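# Overview (structure and organization)
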Protein chains: 2
Amino acid sequence: MGGDFAPEVAVKGAVMAYKQLNTGCVVSDCRIVLYGDEERIRQLLDFEGCPQEAFDIVNTTEVIEMGDHPVRAFQQKQDSSIAVGFRQLAEGKIDGFASAGSTGAMMVGSTQIIRVIERVIRPTISTAIPTTTGQPVVILDVGLNVDCKPDILEQYALIGSIYAESVLGIANPRVALLNIGSESSKGNMLTKTTYELLQVGSETGRYNFVGNIEASHIFTSECADVVVCDGFVGNSVLKLAEGLYSITAQMGLTNEFWEGLNYEHTGGTPILGINAPVIIGHGKSTAKAIKNMILSTAAAIRANIVERLQEAFR
Amino acid sequence: MGGDFAPEVAVKGAVMAYKQLNTGCVVSDCRIVLYGDEERIRQLLDFEGCPQEAFDIVNTTEVIEMGDHPVRAFQQKQDSSIAVGFRQLAEGKIDGFASAGSTGAMMVGSTQIIRVIERVIRPTISTAIPTTTGQPVVILDVGLNVDCKPDILEQYALIGSIYAESVLGIANPRVALLNIGSESSKGNMLTKTTYELLQVGSETGRYNFVGNIEASHIFTSECADVVVCDGFVGNSVLKLAEGLYSITAQMGLTNEFWEGLNYEHTGGTPILGINAPVIIGHGKSTAKAIKNMILSTAAAIRANIVERLQEAFR
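Criteria and thresholds
Residues numbered from 1 in each chain as written. Chains lettered and ligands numbered in written order. Predicted model: local features only at pLDDT ≥ 70, side-chain atom pairs only at ≥ 80, totals over all residues. Heavy atoms only, no water. Helix = DSSP H or I, 4+ residues; strand = E, 2+ residues; numbered from the N terminus. Rg over C-alpha atoms; globule rule 2.2 N^0.38 Å. Buried < 20%, exposed > 50% of the residue type's maximum accessible area, 1.4 Å probe, protein only. Lys, Arg positive; Asp, Glu negative; His and termini not counted. Charge placed at Lys NZ, Arg CZ, Asp CG, Glu CD. Phe/Tyr/Trp six-rings, centres within 6.5 Å; stacked < 30°, edge-to-face > 60°. Pairing = 2+ DSSP bridges. Contact = heavy atoms within 4.5 Å. Buried area = accessible area lost by both parts, 1.4 Å probe. Salt bridge = Lys/Arg side-chain N within 4 Å of Asp/Glu carboxyl O. Polar contact = N/O pair within 3.5 Å; in protein donor to acceptor, adjacent residues only side chain to side chain. Nonpolar A, V, L, I, M, F, W, Y, C, P; charged D, E, K, R; others polar. Least-squares fit on C-alpha atoms with pLDDT ≥ 70 in both. Axes fitted to C-alpha atoms, helices over the stretch in contact; angles between N-to-C directions. pLDDT = per-residue confidence, 0-100.

### A look at the overall build of chain A
Broken down by element type, chain A carries eleven helices and ten strands. Against the globule reference of 20 Å for 314 residues, chain A gives a C-alpha radius of gyration of 19 Å, in line with a compact fold. With the C-alpha coordinates aligned to their principal axes, the bounding extent of chain A is approximately 60 × 45 × 45 Å. For chain A, the proportion of its 314 residues judged to be buried stands at 54%. A distance of 2 Å separates the average location of the 24 positive side-chain charges in chain A from that of its 35 negative side-chain charges.

What follows is the structure, given as structure tokens:
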């Protein structure tokens, strides 16, 4: 149980996810495991009117706080939900793990316990952003690697392409490089060199590179399904959209597109390039966000995203 | 006369600027000089019902096209409006120059004819973006230097601060560094080192550095009056805002804040750090944008921005 409003909101979101996963199915192949204060979780399940047997519950007694040093907290708080969850994930007791708790601790678990897939230079965090057409666009990296080299971005094109195809069901996804002009000659040193690598990668069939995309076009999905950029730029793009969403909402302007940009409802950020499905939720996650985070984790497991990535980098 | 819709829209904008500059004044101290096909300009002034003597007109016979190579075109088309305008600016026949024509040619004129102020490492282009409070925020660089070093960004803090104070009338402007977190430890290699330089610069009284700002907060003006970033990031921020403006407008959502983001109406981008006031307009400039571009140029001249920058770098 993590996030600013845990465990109440986390349990509520889990119940919503449970209902959605089991709608119309006689037997669901998916089981949600909750990590946290068991007694409190059971009280909250009662409060939600949800049968106790809907979930497996693993009692944990410690909490990694937002102010804790991630590496130290992960080692010292061995009975926190994040530490226990990662252990069970490594042991194969669960198939995927998600939390809206400490992002730092989630990264420690991902890299130290689950570990990076061989030949992946750096793992990445991505976001599927909503667009005007309703089809999401995958943008990566969105903040994990803020000093990228061209070979790292080249791998992100492959990782993003596999994610878009296997998890989002987009056939032959169009991969674009975020740049400040559409022409191949445009950009800074990083994007100019990356452009050349992506052309080679596309020619050898690793992915379908369609060229540069300017930030003005990423929210329409007309040009690309996957947008590759370094983590500083990707994080700034997300934060700018968040800021404009907040302003627009406060001014009373709203519609389906803008509401899709409400980061409090988005389902979390998968860490890609590691040996198990792990999703980090926004600290401010609402119940809807927790629900979406769990559903995204289930989708990632069903899509065999990790096996596909391992295969691609073999 | 430059821009995609020249000379019609350019003349219309110039007439609007003339009227605004001369409203309520018996004698205006400001005279607008128009460069272009004199006969056509005179026809258009008649069409606008504007007296011919309102403007000085310098007849030019060549046009630098968008497809032209900027350096070659600037040298070869000596009788283009941009080449003639820069010559007259260098000779002191005019005090400032603005065009919505070829951005490349405008840069060539700025750096080769007007030249960079001594000790300025690289000139910069900035934009005053509208915010929710109505007070503009200066963001720089927005696309001229896409591979910035920390010492370049440190100078941009000073340049932006002087611009905000002298042209926009913001007293003791708050200068912030665009970053992916508010804490001083956040960022990529560039922003971490720049942060340290800005702290030193602030302590020595060069400007009022207030720390990092995340992209989510730049459109509120609550945190900063000047936002410093490298040109790749700044350009992406502007383009993303442009893209979201277009989407929002097409969906029929509008209000004063969003209309302020309409790049077709914004008055152009000053080139700062050179020895004369030069403003580049958007190729898609409307008459309102041309009017604002001329008014911005007049404001830059009146504010003695160039002298202030020369003084600051002496």
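### Thoughts on the packing of aromatic side chains
All told, the structure shown has 15 aromatic pairs over all chains when counted by the stated rule. Where tyrosine 18 of chain A meets phenylalanine 55 of chain A, the ring centres are 5.6 Å apart and the plane angle is 45°; that geometry is what we call tilted. Separated by 37 residues along the polypeptide, tyrosine 18 of chain A in helix α1 (residues 8-22) and phenylalanine 55 of chain A in strand β2 (residues 55-59) bring together distant segments of the chain. The exposure class assigned to tyrosine 18 of chain A is partly exposed, which follows from its relative accessible area of 23%. What makes phenylalanine 55 of chain A buried here is its relative accessible area of 3%. Each ring, one from tryptophan 258 of chain A and one from tryptophan 258 of chain B, has its centre 5.4 Å from the other, and the planes form 55°; the classification is tilted. Of this pair, tryptophan 258 of chain A sits in helix α9 (residues 256-260) while tryptophan 258 of chain B sits in helix α9 (residues 256-260), placing the two residues on different chains. Residue class for tryptophan 258 of chain B comes out buried when judged on its relative accessible area of 1%.

### Digging into the pairing of strand β5 (residues 137-140) of chain A
Residue and element names in this part refer to chain A. Here β5 shows two buried faces, one formed by Val137 and Ile139 and the other by Val138 and Leu140. Of the pairings in the sheet, the one linking strand β4 (residues 124-129) to β5 comprises four bridges and is antiparallel in character. Residue pairing across strands places isoleucine 129 opposite valine 137, the latter belonging to β5.

### Let's talk about the interface of chain A and chain B
The figure often quoted for interface size is the accessible area lost as the parts come together. Taken together, the 35 residues of chain A in the interface contact 35 residues of chain B. Note on chain A versus chain B: buried area summed over both sides is about 3,200 Å², and carbon and sulfur give 76% of it. It is Ile180, Phe232 and Leu240 of chain A that lose the most area in chain A upon contact with chain B, and together they represent 21% of the buried surface on that side. Here chain A and chain B share two salt bridges between them. For lysine 239 of chain B, the salt bridge identified is with glutamate 214 of chain A, shortest N-O distance 2.6 Å. Joining chain A to chain B, the criterion identifies nine residue pairs in polar contact (both at pLDDT 80 or more). Sorting the residues of the side of chain A that touches chain B by element identifies α7 (189-203), α8 (231-250) and α9 of chain A as the ones contributing at least two each. Per-element tally for the side of chain A that touches chain B: the top contributor is α8 of chain A, with twelve residues. Taken together, the residues of the side of chain A that touches chain B break down into 18 nonpolar, 14 polar and three charged.

### Here we look at the relation of the copies chain A and chain B
Mapping chain A onto chain B is achieved by rotating through 180° and translating by 0.0 Å along the same axis, at an RMSD of 0.0 Å. Taken together, the rotation and translation relating the two chain copies correspond to the operation of a two-fold axis. By residue overlap, the copies meet face to face through one surface: 100% of the interface positions of chain A are interface positions in chain B.

### Comments concerning the pattern of salt bridges
Using the criterion set out here, one finds 20 salt bridges over all chains in the structure. Between lysine 77 of chain A and aspartate 68 of chain A there is a salt bridge; the shortest N-O distance is 2.6 Å. Assessed through its relative accessible area of 23%, aspartate 68 of chain A is described here as partly exposed. Between glutamate 38 of chain B and arginine 42 of chain B there is a salt bridge, with its nearest N and O atoms 2.8 Å apart. Of the two residues, glutamate 38 of chain B and arginine 42 of chain B are both situated in helix α2 (residues 38-47); the distance of four residues between them amounts to about one turn of the helix.

### Side note on the pairing of strand β5 (residues 137-140) of chain B
Direction of pairing for β5 of chain B relative to strand β8 (residues 226-228) of chain B: parallel, over a ladder of three bridges. From the neighbouring strand, valine 138 of chain B faces β8 of chain B, where its bridge partner is valine 226 of chain B.

### Topic: the sheet that holds strand β8 (residues 226-228) of chain A
All names here are of chain A. Across the sheet, eight strands lie side by side as β3-β10-β9-β4-β5-β8-β6-β7; this open sheet has mixed pairing. Edge positions in the sheet fall to β3 (97-99) and β7 (208-213), since each has one partner strand and no second. Pairs of neighbouring strands in the sheet enclose a mean axial angle of 25°, with direction left out of account. Looking at chain direction, strand β6 (residues 174-178) and β7 are connected through five bridges and run parallel. Its bridge partner lying in β7, valine 175 is registered against phenylalanine 209. On top of the sheet, α7 reaches β6 and β7; it is set at about 160° to β7, its chief contact.

### With respect to the confidence of the model for chain A
Of the residues in chain A, 98% have a pLDDT of 70 or more, and the chain-wide mean is 93. Predicted as a complex, the structure gets a pTM of 0.93 and an ipTM equal to 0.91.

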